[in-house]
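Spelled out from the first residue to the last, the chains are:
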Amino acid sequence: MIRLNAKWTSYPYIVWMLLFTILPLLLVVYFAFTDSSGAFTLDNVKQSALYIPTLVNSIYLAALATLFCLVLAYPFAFIMSRLSFSRQKMMSMLIMLPMWMNFLLRTYAWQAILEDNGVINTLLTAIGLPPATLINTSGAVVLGMVYNYIPFMILPLYSIMTKIDKSILEASSDLGAGFFATFRRVVLPLSLPGIVSGVTMVFVPAVSTFVISGMLGGSGNYLIGDLIEVQFLGNSYDLNAGSATSLLLMVVVLITMAIFSRFETEDSEEALV
Amino acid sequence: MDQNKKIIELKGISKSFDGEQILKSIDLDIHDKEFVTLLGPSGCGKTTTLRIIGGFVTPDAGDLLFLGKRINDVPPYKRKVNTVFQKYALFPHLDVFENVAFGLRLVKTPEKEIVRRVREMLALVNLSDFESRRVDLLSGGQQQRVAIARALVNQPKVLLLDEPLGALDLKLRKEMQYELKKIQQRMGITFIYVTHDQEEALTMSDTVVVMNGGLIHQIGTPQDIYNEPINAFTASFIGESNIVPGIMHRDCLVEFAGRDFVCVDGGFEKDEPVDVVVRPEDVDIVAASDEYLCGKVTSVTFKGVHYEMRVDCGGTTWRVHSTDFTPIGSLVGLRLTPEDIHIMHKSDASGVKNYGGAQP
C-alpha cells in the first residue's frame, strides 16, 4: 500500500528546491563576495552602495504601483466575491485573459499607446488638444506595473473574500454597523491575509522589474532591475558586481517584507484588543 | 404578554424571488413580550418573513410596522431588532468578549459599561469563563450561546431567531429550548422564532404561526394548534394524525369510515364533505365489537413511551398509539369519544387564509 504521507513523496520537491533555488542563491552569495579570480573580497558589496539611489527609486515606484493595485483591486475583489458563482467564474476568467498574452507583448502594446505619436496622442491631436508626454516617464512605469501585476493583487484578495460569508456581513449590519463600520471592523480585518499576500505578490516582482522600466520608462527611469540586467547580460558585464547588486536587492526586499508583515500582524492583533 | 400592545405588524406582505412567490400577502400581528414561532416546512416562507422583519429582505408589497411606524425602508442597522443567525455568523477574527461587545462598541459605549454588560450577558448564557476564547474553537452549542448574547446585549425590543437550534444534537436542543424560554421571560422581550420542528414550536411558544406555501394557515396557542387544527395541513404537520374524508350530516354528527359518530363540532353546512382528524394517541384499543370501528393490527413498533400500531379497517389504515402491546394480526376495536374527533373544512392544496377563531 502506498502511503501518501510517506517521506519519500517529498524528495522530488527537495531535489528541485536544492537544484533551482538553494544552489543559485548560494552561487549569488559566492559571486558577490569574490572577485573575477575567485578570491574573497568585499569590494563588490561596497561598490553596490553606489546604487542605493537607484534602489530607492525602484522601491518608491514599486510601492506606488502596489498601492494603486491595492486601491483598485480591493473594491473590485469585494464586489466580485459577492456575485453569483457563474459570474464569479466569468470575472476571474476575464482577469486571467490578458495573462494568456506574452508579458513583453503586453508592454509593447502600452508603448504603442503611450508613444509621442502613439494612440493617445493621435487622439488628443485629432480633437485639437496639445499632445502629452506619456512615454518615458515614471508615471508610465507605474502604469505598466499596475497593469501587469494587478491580477496578482485581485486573486488573493478575491479568494480570501469569498470566505467571508454573507451572514457575517448581515450580522454586522444587524448589530448596528453601517457600510463603513462593517468595512472597518469586519471586512478589513478578515481580508488582511489577502492584503499581505497580494502586496507581496505585486511588490516583489515590481521592485525587480527591468522590462517595464526599460520599455516604458526610458533612460530617466533606470531601476535596480535594469542595472542587474546590464551587469549580467549587457555591456557592463560583471558577474561579481551583478551578484552583489542582486544580493543587495534581495536583502532589501526581505527587510521590507519583514517590516510589512510585522506591521500587518500587529495591526490585526490590535483589532482583537 | 401584553396583548394590547402590538410591536410588529405585517400588513399584506408579499415577496417573490425569481418569479416565484414566496409570500402571498400575509398579515401578522406580534405583541410585546410574546414568544412567537413561525412554523412550517422548508420553503414555506417563514425565513423570508423573519428576514423581512430583520431588514435583510425588502417586501414587494405590503407594510411592515414597528410600534405603529412603517419601517419598510429602514436599513437593518437602524432597527431595534437583533437576529440570531442560523449558522451563528460569529466574527471569526474576534474573541468571545469582542463578539458580544461588537454592537456596544459601535455606539461608543463607555468601556466600563461594555465590560459590565458583556459580562452580564455571558453569565446569562453560562459562558462567563470563555471571554477570551476564539470563537472557532467553541462547540456548536457554545457558539450558539455567543450568538444569543451578542444579539441580546444590545437590548433589542425584538429578537429574531432563525432555526437557531438546527445544528445541535437532540439533548442539547432540549436544554437550549428550555433556556431560551427562560431567557425570553427574564429579559421580557419579544422573540420571533423560526423552526420546522413542531415539537420545538409547541414547547416554547406563546403563539404558533403555522405557514405553508407562502400563506399563514393558522395562528394560535400551542394547545389550539394541536387540539383544534384548522385544516388538514396543520393537522398533519403538527403531531401525527389520521385524516379521513367524512360527511357532516348536521351539528355534532359526522359520518366517516362507514359509520356515524357523535362529535363536538358544529357550524357546517348540511352534508358538507369534511376532513376528519383523529390523533393516534386519542384512539383507544378495545375488544372488537359491533359498537366500534374494527380492524386488524398490521404492524406494531416499539417507540419507547408507547407502541405505534397500524390498524387496517376495511382498507383504511389507522395509526394508533397505545401503551399496551397488541400482537400483529389481532382483531381490535377502535374507540373514539366525541372529543377525539376534529372536523375540518376541506381545504384546497394551497391552504386557506382564514385562520378561524384561534387568534388570541
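Every value quoted in this text rests on a predicted model; they were computed, and no experiment measured them.

Turning our eyes to something else, we now look at the interface of chain B and chain A. Frequently, the measure chosen for interface size is the accessible area that the parts lose on association. Facing 23 residues of chain B, the contacting portion of chain A comprises 21 residues. Each partner contributes to the roughly 1900 Å² buried at the junction of chain B and chain A, and carbon and sulfur atoms together form 61% of this total. The three residues of chain B that bury the most area against chain A are Tyr 77, His 93 and Leu 106 of chain B, which together make up 32% of that side's buried surface. Scanning the region where chain B abuts chain A turns up two salt bridges. Arg 51 of chain B is the partner of Glu 170 of chain A in a salt bridge, and the nearest nitrogen-oxygen pair spans 2.7 Å. Where chain B touches chain A, the interface holds five residue pairs in polar contact (both at pLDDT 80 or more). Every element with two or more residues in the side of chain B that touches chain A is listed here: strand 6 (81-84), helix 2 (96-106) and helix 4 (140-152) of chain B. For the side of chain B that touches chain A, the leading source of residues is helix 2 of chain B, giving five residues. Residue composition of the side of chain B that touches chain A, grouped by class: 13 nonpolar, five polar and five charged.

Residues and elements named next belong to chain A. With 24 residues, helix 7 (residues 138-161) extends 32 Å between its outermost C-alpha atoms, agreeing within 8% with the 34 Å of an ideal straight helix rising 1.5 Å per residue. Remark: the principal bend of helix 7, roughly 50°, maps to Tyr 149, with a proline, Pro 151, within the next four residues. Among the 24 residues of helix 7, 17 are classified as buried, and the element is accordingly described as predominantly covered.

Next up on the list: the pattern of salt bridges. Once their charged atoms are close, side chains differing in charge can pair, the charge on each being opposite to the other. Residue and element names in this part refer to chain B. For the structure shown, the criterion picks out 25 salt bridges over all chains. Salt-bridge contacts for Asp 32 lead to Lys 33; the nearest nitrogen and oxygen are separated by 3.3 Å. Using a relative accessible area of 8% as the deciding quantity, one classes Asp 32 as buried. Arg 105 is the salt-bridge partner of Glu 111, the closest N and O atoms lying 3.0 Å from each other.

Turning next to the domain arrangement of chain B. When the domains of chain B are assigned, the result is domain 1 (2-227) and domain 2 (242-347). Here the C-alpha centroids of domain 1 of chain B and domain 2 of chain B sit 39 Å apart.

Rules used in this analysis
- Residues numbered from 1 in each chain as written.
- Chains lettered and ligands numbered in written order.
- Predicted model: local features only at pLDDT ≥ 70, side-chain atom pairs only at ≥ 80, totals over all residues.
- Heavy atoms only, no water.
- Contact = heavy atoms within 4.5 Å.
- Buried area = accessible area lost by both parts, 1.4 Å probe.
- Salt bridge = Lys/Arg side-chain N within 4 Å of Asp/Glu carboxyl O.
- Polar contact = N/O pair within 3.5 Å; in protein donor to acceptor, adjacent residues only side chain to side chain.
- Helix = DSSP H or I, 4+ residues; strand = E, 2+ residues; numbered from the N terminus.
- Nonpolar A, V, L, I, M, F, W, Y, C, P; charged D, E, K, R; others polar.
- Expected span 1.5 Å × (residues − 1).
- Bend = angle between axes of the 7 residues up to and from the residue.
- Buried < 20%, exposed > 50% of the residue type's maximum accessible area, 1.4 Å probe, protein only.
- Domains from an automatic or database assignment.

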